[in-house]
Structures are given as C-alpha cells and as structure tokens.
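# Examining the three-dimensional arrangement
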Amino acid sequence: MQSETFQNEVELRYKLYNSIFLTLPLDGIHGTGILIPLMKSECRKGLENGKSPVEILDLFFEKQTNFKTESEQLDFMFRVINYIERQVVLLDALEDAAFLDLHDPQKRGKIESIKIRLTSGERKEKIGEALKKIAVRIVLTAHPTQFYPSTVLAIIHDLIDAIQKNDLLQIKMLLTQLGKTPFFKKEKPTPYDEAKSLSWYLENIFYQSASELYDDLMKEVSNPEEQDGSILTFGFWPGGDRDGNPFVKVGTTLAVANRLRSILLSNYHKDIRKLRRRLSFKSVYEKVLELEERILQAVNGEDISSGIQQNEILNALSKIEELLVNEHDSFFVELVHEFRNKVLLFGTHFAGIDIRQDSRIIKKAFDVLCSTAPELKDQNCNLKFEDIIKLNQVVSFFQSEDEVVKDTLNLFGTIKEIQKRNGEKACNRIIISNCRGEEDVARVFAMAKMCAWQNEVPLDIIPLFETIDDLEKAAFTMRKLYENKVYAKHLLNRGKRQTIMLGFSDGTKDGGYFSANWNIYKAKENITKLSRELGITVAFFDGRGGPPARGGGNTHKFYSSLGNTIENREIQVTVQGQTISSKFGTRDSARFYQERLLSAVLENSLFDDCEKILSDTDRLVMEKLSKYSFEEYQRFKSSDKFVSYLEKMSALKYYSKANIGSRPGKRKESEKLNFEDLRAIPFVGAWSQMKQNVPGFFGVGSSLKKLEEEGLFEECISLYKSSLFFRTLVANSMQSLSKSYFKLTEYMKKDEEFGEFWTWIHDEYQLSIEMLLKVSNQDELMQTALFLKDSIHLREEMVLPLITIQQYALIKIREMERNNETNTTKYSILQKLVIRSLYGNINASRNSA
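## Describing the overall build of the chain
Scanning the chain for helices and strands turns up 36 helices and eight strands. The C-alpha atoms of the chain give a radius of gyration of 28 Å, which matches the 29 Å a tight globule of 849 residues would have. Per-residue burial over the chain gives 61% buried out of 849 residues. Considering only residue pairs separated by 6 or more positions, the chain has 82% of its internal contacts joining residues 24 or more positions apart. Accessible surface for the chain amounts to roughly 33900 Å². Of this, 48% is attributable to carbon and sulfur atoms.

Shown next as structure tokens:
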C-alpha cells in the first residue's frame, strides 16, 4: 500500500513537475534537461558493461552532443550538476508533501497504538504516571552534513505547501526561483552562522510541533497539571561543540545562548498577543497585558539586570488561569494551558547548549591550571584520580598562549553567566569526547570548582565512550566514579542521575558495524546493572549520524527493541545534517518522529515484551558475530592500502574544501592523513560518494558465513525471528547495501595499486547481500520496506550522471598528478567539479553522512 502511494504521490508527480522544469525560462535548462536522460542511459549501459566513467562520458559527448572542446564538456558537466541538484530538491519537497500519506495514512499517530493496549479504566492514570518517569531529548548538532543554504530551505518549505495545495502556478514560480538560486557557498560558515541556520528549526518547526504533541499528550493523562514538561527537551551543539573546532570561542557560546533566548521570547510575545485578543475580561486583561509588557522588555533586552525566568512566566499564567476559573467560567482557559505548556517545554532558553571538548584538550588546560595554582606547582600535575576529584582551590588567574586552552578555562565562567540569565538548563552539560577513564571526568569537575563554583557544581559531566576498548571498560570507569565519595555527593546534588554518551559513529569507524552495535549494547547493559545496584538513574545519550553506519537508519525501532536489561526510559539522541531536514523539516514529519521516539520510551515503561529479551543462545550468536566481524574489519583496516585508498581514490579530501561547515576535516592539522584523527563524517561520506558504503556492511557477510560454517546458522535465523534488535541491525545494513553500486568503480579492479583491495571490498559486499538475504529469508534487499526501497531507487537513478561525473573528475585529477601536468586552471576546474558533485549526491541520499 505504501509503495503504491509512493508511486502515485511522489514518483508520478515528480515526472509531471520535472517536465514543467524543462519549460522554465532559465539559461541552459532546456538543453541540459533534454540531454540528461540520454546521459543517464549511457552511464547505466556503460557501467553495466564494465566501462570506466571517462570512457562513458567521452562516448556520450561524441555520440549525443556537439560539445567538442574540453572546455565545453566541463561546462556542460557543471550544468548537469546544477540541474540534478534542483531535481533532488523537487523530490525532497514531493516526499515531504506526501509524508503523512506515506508514513501514517490513517493519521492515528503512534500513541494511539499504545492506548489500545491499555484498558479504558486504567489508561489515563498509567500513561500519566509513565510520563513522569520518561524523557526524550533531541539534540541538534553542528556537524556539517547539510548542504542546503537557508535560501533553498525556504523554497523547499514553500514548495511543499504549494504541492499539497496542487497550486501549479505557484509550483512553477518556485521552480523558477529555485533555478536562479545558488546552492554553493563561497565562504565557510562561522560557528555562529551554523547556529543561525539550525535555530530556524527550533523557531519554525519544533516550537509548534513539540508543543502540539505535548498538548495532545496532556489530554491522555488524569492530572496534566502534575506534568512538568520534562518529557521532551532539546539540546543544541552549534556554539558549544568545540571538539576539533578551534573556531568556537566563549564569545560564540554567549552569542548563541542570547540568540536562542531572543527567538524564543519573540515567539512567546507573538503568542501572548494572540492570547490578549481572546482574554479581554475584567481583571484578566490587565494581567495578560502586564505579562506581555514583561516579555516585550526581555525581547528588547531591557531586562538585563533581572532577566525574565521560566517561573515568573508560569506564576503569571497561574494567576490568569485562577481568575478565568473563579470569575469567568474557565472560558478560554485551554488557551492559557497551551501557552503554559510551551513555557514548560522551552523555559527561557529554548534549547540547552551542550559543551563538548576532547579529553586531551581538557588535560592540557587542566595542566595549565595546576601549574598556576600555588598549592599544586610542585606536583608537576602528576595527580591521580582520588587527588584530582578533591581539588577546590580557587584560581583566578592563569597564563597560556594557547587560544584553545584559554577558551577551555574561560568556559566555566561563561556557563555560569548563561545560567544566571537564561536558567540552569540553558547550559549545564559538558561532554568529554574521547573519554579514556575516570580521571578525565575528575578533571572537568575539579576545573569547574577551581574556575567558577566552590560549592555545588550545577553541571552534568558526561563521558563519551567511542572506541571498542573504551566501551569495554566503560562500566569499570563508572564504578570508580560512583564509589568515590566526592563524586557520589555531586550526583546526589544532581538527583542521583548520570548521563553517559556512546558514540555510534566513531564506534563503527573503529570496530565495524556489528561489533560497534553489540559492544554499545553490552556497555549499556553493564552500566545499567552497576547503576541500579548503587541506586543511580543512568541516561544514555547516543551520538548518532544519518546513515546506519553512523547509528542512523530506523532509530525508533532500535529504541523499541531495548529490553529491561538496559535503562530505557530516557532517549537522548543527536540529530544532524540532512537528517534534521529530512526528518524534522516540516511540522508533520517533526511531529511524527518526536512521537515515534516518545512512544518507544513509553512502551518500554508500560510493557514488558519478551521479544526484547535475548536468550543465552542469542547472546552467544551476537558475541560470535561481533567477534568475527571485528576481526575481519580489523584485518581490512590494518591493510597498508586502507588509508591511501581513501585518500587517493575517493572524494575524502574534498569534504574539507566544500564550504559546508566551520569545522576542519581532521582533528589535527598535519601533512599525513592519520586514521585516528579522521572524523567519522568525511570517513563515512567518502565511502558513500564512491557508492561503496563500507562502514555499513563490512564484516557482516564474513561473520554470518563463519557461523554457517560452524553449524550455527539456524541459531542466526532464530535470532532474526525473535529479536527486534537484530532485525533492526539487519534492516539498516540492507539500507547501506541498497545504496551501494560497485559498477561505478569497477574500473578500479584493474588498478595496479588498488585492484586487489577493491576486489576484497566487492567480495565482502556480495557476501553480505547473500548472507543477509539468507538469514532474513528475503528474496531481495529491503523486501519488507518497499516504499523506502522505491525512494532509494529513484534517488540513486537521479544521481547516476552526477556520481559518474565525480569519478570522471577524480580519474582526470589522478592522471594529471601522475603525469606531473602543470595546467593549474584545468586542475582547479576538475577539483571544483568534484566538490560541486558532493552536494547533490549527499542531499539525494538524505542520510549519507
């Protein structure tokens, strides 16, 4: 049914509107659009016959065009990229316009299915009690995987509306605007630019969709006034995430905090003005007017000395509600409730800015602090965990020429300032990336005491465990912290709650797909068991990217699959890049995915599902799959060809040259490409650009084959049938495989340096398809998700000329480098061709990085 809806509402409409695109009065549109189907046909036919992209495009220009000079041909390739970029936008808009028809055709929502499982007498009370114990935190990250500038996002927004109204004149006008609007950013954005771009989603999408969802949830509980809005919160990394980004400074953090507060209060002011139009009653109107004036002062920055706080607004609304109930028959009281719910959700901060920094930078800053403190000068900073955690000497002055160190030490005073003005929740979390042990956490705690707070530290200190080794010893690290008296007292002050972040992206990069997911699962189990033993509530914060290789894919199914051996009443998850625009780009889709996450955690709280409990045999199978896939991935990663293949044969180095994010492409600026310093985004993205998607499948086929050889394949099939967790892993890996197309790079098989390496990857790809189909009893990949498969197929067909052009340019660049050609103009044009081709390919994939 969904597949049929996709064909009618998306595929057929795409063909119709794409034909309109051909008629637009834009330079070169008609000629380019007419030739693209011919080019696509030549690409498909040539690649299937084993020809290289250079051979294919040379033949295309000879047979199908009058472009004889190299300059004319390169110019046409740029026009093809421009055209396909806009085709992708059209398809995005069509899918978003048909979102509810595709994902929730009955318009019932996921909460409805939970209500059905409860008897009517107990429903409201049980849901109400469960909502007090659960939470979802959606964290928007600064990671640069969004290639649409804000101007294009605005067109998409309007285009969706026009498509839903079937307004052909408006659609044609918007397509014309799209054709004239540039996609390419000439300059890198600053961290503040990134914050401005992402704050658009808070202001225009989440403010409304989250509050509407919360309003509807309150109708399902007995005593809505007992709920405090904590079930749904938002985090924000732009302006706070410093990991590998030296351009984020304390001034940036302050500016972003002020911006979030400002746009939120502006929204509040719009709402209170609407409320005033209805609440025109005696004594009520004056109270509303007072509150409106107070909010307006805050919007205009006239409340600097006594910044308006959440409680002040809530108290004013309570008085207004009391007057309505006692003197005006509760008339329009529901409008007050709706506004109050927004204030409960967003406070006066909108979203909490998370501070993130690498443990090595934190140690460097800590050492500077120690060398400054008189009591510590003679100890050479060789302090152990027990000594670090006790430090509380006030250090009001330090010396360092290192700008990053200075920023790290000044951070604590900046956090204190933000909390005073916007409330504690505005900035109360510090994430330690690359956390190697308890000493890293102790350093942050000590620095907070020495730089800002001498008594209670109003911060959640969050270790981020990323590598397989760190995941394996995570529970040991947490035990050392939990059993320390000083840290235990800190947790007591924080409500005996500890948040722990786990990195899917770097975990997969480090250990491969099966191994990373299973080791994260086990780490969560071990930490849950330990935390429960010591009476601590642990919350897991998952660092997820867009594709399955970075923890993306069917995220809600993953959370629905967690049994009671893992603390599962709170979901904290990062959302980034195209995943923000594809899942949260419209109010309909944002509402849908927020409800999916909430329903997953609500189900976990209300029901015990035997399908979520792994048997001893299941665990043995997962352990073996993890072990064998890890060994195969390590063997692959240890090859002397691994890094050089990515560096020489892929578009890896061009990610940092595309002006899409403020962060450098590597954590350390060095001549030599080092695997450890390589970021997960360009790492996964480089494989995606080649249509090889290695991180999402490598080791999967080999490990399943190994178990088959050991006579354990029936147990694998049984695991697939009984475990939603394993089915989700299989489905997400299938998605990675479906987006792979090895015919594109088959020419590499003949490469003298990398031919055998390419064949190794291709063999694992074929084996993974074979074994996943076998274990799932499917005839073809994604057989159980047909409309998603249809979408992938349409998008992959669309970008075929684009990725062929990219490979053509990469081949030509390698030829020039090999022959020491000195034509700098041509070399520069070819590099620009690669960079421009990144855009459309990533946007078409919607979750490729």
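That was the structure; now back to the text.
## Some remarks on the side chain of Glu85
As for its placement among the helices and strands, Glu85 is situated in helix 4 (residues 70–97). Taking relative accessible area as the criterion, Glu85 reaches 2% and is therefore assigned buried. For Glu85, the residues in contact, after removing those within four places along its chain, are Phe183, Arg836, Tyr839 and Gly840.

## A short note on the side chain of Asp215
Secondary-structure assignment places Asp215 in helix 10 (residues 191–218). Summary of buried charges: Asp215 has no salt-bridge partner, and the nearest side chain of opposite charge, Lys342, is 6.7 Å away. Not counting the four nearest positions on each side in its chain, Asp215 is found in contact with Glu338 and Asn341.

## So, the confidence of the model for the chain
Taken residue by residue, the chain gives an average pLDDT of 89. The fraction at 70 or more is 92%. Taking the mean pLDDT of every element in the chain, the minimum, 74, falls on helix 22 (residues 504–511) and the maximum, 98, on helix 33 (residues 755–776).

## Overview of the nonpolar core
Of all hydrophobic cores here, the largest spans 274 residues; its most connected members are Tyr268, Phe339, Phe636, Tyr645 and Trp687. Per-element tally for this core: the top contributor is helix 4, with 14 residues. Filtering out sequence-adjacent residues up to four positions away, Trp687 remains in contact with Phe636, Phe642, Tyr645, Leu646, Gln692, Asn693, Val694, Pro695 and Ile761. In this structure, Val139, Trp237, Ile462 and Met501 belong to the second largest nonpolar core, which totals seven residues.

## Quick look at helix 3 (residues 53–64)
Over its twelve residues, helix 3 extends 16 Å from the first C-alpha to the last, a length consistent with the 16 Å expected when each residue adds 1.5 Å. Along helix 3, the residues that are buried comprise Pro53, Val54, Ile56, Leu57, Phe60 and Phe61. Taken around the axis of helix 3, the buried residues stretch over an arc of 165 degrees, which confines them to a single face. Against the buried residues of helix 3 lie helix 2 (29–48), helix 4 and helix 35 (800–818).

## Some words on the pairing of strand 5 (residues 460–465)
The buried fraction of strand 5 is high, at six of six residues. On strand 5, burial covers both faces: Asp460, Ile462 and Leu464 on one face and Ile461, Pro463 and Phe465 on the other are all buried. Bridge count for strand 4 (residues 429–433) against strand 5 is four bridges, and the pairing is parallel. If you follow Arg429 over to strand 5, its bridge partner there is Asp460. For the crossover from strand 4 across helix 18 (residues 438–451) to strand 5, the handedness is right-handed.

## Some words on the environment of Gly347
In this fold, Gly347 is placed in the loop between helix 14 (333–346) and strand 3 (352–358). The class of Gly347 is buried, set by a relative accessible area of 2%. Residues Gly347 and Ser280, 67 residues apart in the sequence, show an inter-C-alpha distance of 26 Å. The residues contacting Gly347, other than those within four sequence positions of it, are Leu264, Tyr268, Gln310 and Lys342.

## Describing the pairing of strand 4
Within strand 4, five of the five residues are buried, which leaves the element mostly enclosed by the surrounding structure. A two-sided burial pattern is seen for strand 4, the buried positions comprising Arg429, Ile431 and Ser433 on one face and Ile430 and Ile432 on the other.

## A short note on unusual backbone geometry
Within the chain, Ser283 stands out as a residue other than glycine whose phi angle is a positive 70 degrees. Relative to the helices and strands, Ser283 is located in the loop between helix 11 (250–278) and helix 12 (284–299). Positive phi, normally seen in glycine, also occurs at Asn434, with a value near 55 degrees. With respect to the element layout, Asn434 can be found in the loop between strand 4 and helix 18. By relative accessible area, which is 13% here, Asn434 ends up buried.

## Focus on the packing of helix 11 against helix 17 (residues 403–422)
When two helices pack together, you describe them by how their axes are tilted relative to each other and by the distance separating the axes. Following both chains from N to C, one finds helix 11 and helix 17 inclined at 20 degrees, their axes separated by 9 Å at the closest point. Here helix 11 is positioned roughly parallel relative to helix 17, judged by the angle of their axes. Handedness of the crossing formed by helix 11 with helix 17: right-handed. Residues Val250, Thr253, Leu254, Ala257, Asn258 and Arg261 of helix 11 pack against Asp407, Asn410, Leu411, Thr414, Glu417, Ile418, Arg421 and Asn422 of helix 17.

## Concerning the packing of aromatic side chains
Applying the stated rule across the entire model yields 46 aromatic pairs. Both rings, one in Phe99 and one in Phe592, keep their centres 5.2 Å apart while their planes meet at 80 degrees; by these two values the pair is edge-to-face. With Phe99 in helix 5 (residues 99–103) and Phe592 in helix 26 (residues 587–606), this residue pair connects regions lying 493 residues apart in the sequence. Like Phe99, the residue Phe592 is buried in the burial classification. Arranged with centres 5.1 Å apart and planes meeting at 90 degrees, the rings of Phe592 and Tyr593 form a pair that is edge-to-face. You can call Tyr593 buried: its relative accessible area is 13%. Through a chain of ring-to-ring contacts, the aromatic side chains of Phe99, Phe206, Tyr207, Phe234, Tyr268, Phe339, Phe346, Phe350, Phe584, Phe592 and Tyr593 assemble into a single cluster. Geometry around Phe541 places Arg429 over its ring, the cationic atom sitting 5.0 Å from the centre.

How each quantity is defined
Residues numbered from 1 in each chain as written. Predicted model: local features only at pLDDT ≥ 70, side-chain atom pairs only at ≥ 80, totals over all residues. Heavy atoms only, no water. Helix = DSSP H or I, 4+ residues; strand = E, 2+ residues; numbered from the N terminus. Rg over C-alpha atoms; globule rule 2.2 N^0.38 Å. Buried < 20%, exposed > 50% of the residue type's maximum accessible area, 1.4 Å probe, protein only. Contact = heavy atoms within 4.5 Å. Areas by Shrake-Rupley, 256 points an atom, 1.4 Å probe, with all protein chains shown as cover. Lys, Arg positive; Asp, Glu negative; His and termini not counted. Salt bridge = Lys/Arg side-chain N within 4 Å of Asp/Glu carboxyl O. pLDDT = per-residue confidence, 0-100. Core = buried A, V, L, I, M, F, W, Y, C linked by side-chain atoms within 4.5 Å. Expected span 1.5 Å × (residues − 1). Arc of directions from axis to C-beta. Pairing = 2+ DSSP bridges. Right-handed = clockwise from strand over helix to strand, strands pointing away. Axes fitted to C-alpha atoms, helices over the stretch in contact; angles between N-to-C directions. Parallel < 35°, antiparallel > 145°, perpendicular 65-115°, else oblique. Left-handed = near helix turned anticlockwise from the far one by under 90°. Phe/Tyr/Trp six-rings, centres within 6.5 Å; stacked < 30°, edge-to-face > 60°. Lys NZ or Arg CZ within 6 Å of the ring centre and 35° of its normal.

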